[in-house]
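# Structure at a glance
As a plain string of letters, each chain reads:
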Amino acid sequence: MKIRKHELYREDIRDLTDLTVSKMDVYMVINVLQLLFCVLLFTEGMPQPGLTPLWLHWILAATSGSGVLYFVLSLWLAMHASIAAHSFGVRLLTQFVRLPVPNLQQIDSAAAKAKDYEALSLGQILRIPVLQQQLRKLTAAMGDLTTEEVEDTTGMQDNFLPEVSAVSVEETASLKHIQLYRELQANWQAYDAYSRVSMAMGTNQLLQSINAYCLGVLLSETQTGWAAACCMAVISSVAWLIVRHDRSKCGDCPRVQMPQTLF
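Conventions used here
- Residues numbered from 1 in each chain as written.
- Predicted model: local features only at pLDDT ≥ 70, side-chain atom pairs only at ≥ 80, totals over all residues.
- Heavy atoms only, no water.
- Helix = DSSP H or I, 4+ residues; strand = E, 2+ residues; numbered from the N terminus.
- Buried < 20%, exposed > 50% of the residue type's maximum accessible area, 1.4 Å probe, protein only.
- Contact = heavy atoms within 4.5 Å.
- Axes fitted to C-alpha atoms, helices over the stretch in contact; angles between N-to-C directions.
- Parallel < 35°, antiparallel > 145°, perpendicular 65-115°, else oblique.
- Left-handed = near helix turned anticlockwise from the far one by under 90°.
- Nonpolar A, V, L, I, M, F, W, Y, C, P; charged D, E, K, R; others polar.
- UniProt positions renumbered as here; feature names shortened; annotations may be inferred.

### Focus: the overall build of the protein chain
Scanning the protein chain for helices and strands turns up 11 helices and zero strands. The secondary structure elements of the protein chain, listed N-terminal to C-terminal, are α-α-α-α-α-α-α-α-α-α-α. Burial analysis of the protein chain (263 residues in total) assigns 27% to the buried set. Long-range contacts, defined as pairs at least 24 residues apart, comprise 83% of the intrachain contacts of the protein chain with a sequence gap of at least 6.

### Remarks on the packing of helix H2 (residues 54-96) against helix H10 (residues 189-221)
Their axes nearest at 7 Å, the elements H2 and H10 cross at an angle of 160°. As judged from the angle between their axes, H2 and H10 are roughly antiparallel. Between H2 and H10 lies a crossing whose hand is left-handed. Partitioned by chemical class, the residues of the contact of H2 with H10 number 18 nonpolar, 14 polar and one charged.

### Topic: the UniProt feature "transmembrane region" (unreviewed entry) in the protein chain
In this numbering, the UniProt entry assigns the feature "transmembrane region" (unreviewed entry) to residues 24-43 and 55-78. From the first C-alpha to the last, residues 24-43 spans 28 Å; its make-up is 100% helix and 0% strand. Helix makes up 100% of residues 55-78 and strand 0%. Its end C-alpha atoms lie 34 Å apart.

### A look at the packing of helix H1 (residues 2-43) against H2
Axis separation between H1 and H2 bottoms out at 8 Å; the angle between their running directions is 160°. When the interaxial angle is binned, H1 and H2 end up roughly antiparallel. Every pair of crossing elements has a handedness; the one defined by H1 and H2 is left-handed. Of the residues belonging to the contact of H1 with H2, the class tally is 23 nonpolar, 10 polar and three charged.

Written out as structure tokens, the structure is:
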């Protein structure tokens, strides 16, 4: 039971570590795709010099360049958070949350010895093995044949496993391996949070670049003012919704602490 419990603790560490690693992998894929979009807008999507005003060129270049900067920063932060989380997870598994394999002294103390048998009373020495247990089972079976009870194999009713029967959030948070993980989480939590912030800022700049590109194509080249105004309103609304959503999510998050050490 003790070994099984520590296997569950090791599985907890793996699940908590994989949560950050998988999230950072998703961030890196999204950042690479949006970085490609910014580069395409900065190169292939640049308006023609003779047809569009100069201020539109400046807006498109500034927003695309800012988007590239934010996405590269988010990539670096996500990569660092993923590596740090995986490294500290391995450190917890190899140094702190080890399986409690018994040594020779513990095995010897748990084994039955002949002197323990000699210390028993005469009635215990001469008793028939397994007879008392079978008699108790037979008496319980014949005592009440009309009442059918389903055997509880989980141990929830008799509290055979009190750690599994009614575990609260406070009890789980007070476990030693959870406390160790929360202490080590400060080494990559800031990189995780600011990677999300950089990705949100880069997405906003990418939307502004798309907005400037639509203005250059629809307003200057095709002379369709209503189409340009509609595209500008839709893209600006999407950018505002993304900023509002990220602000609401960041308001619910705990305060991030900057790491003081890495190893």
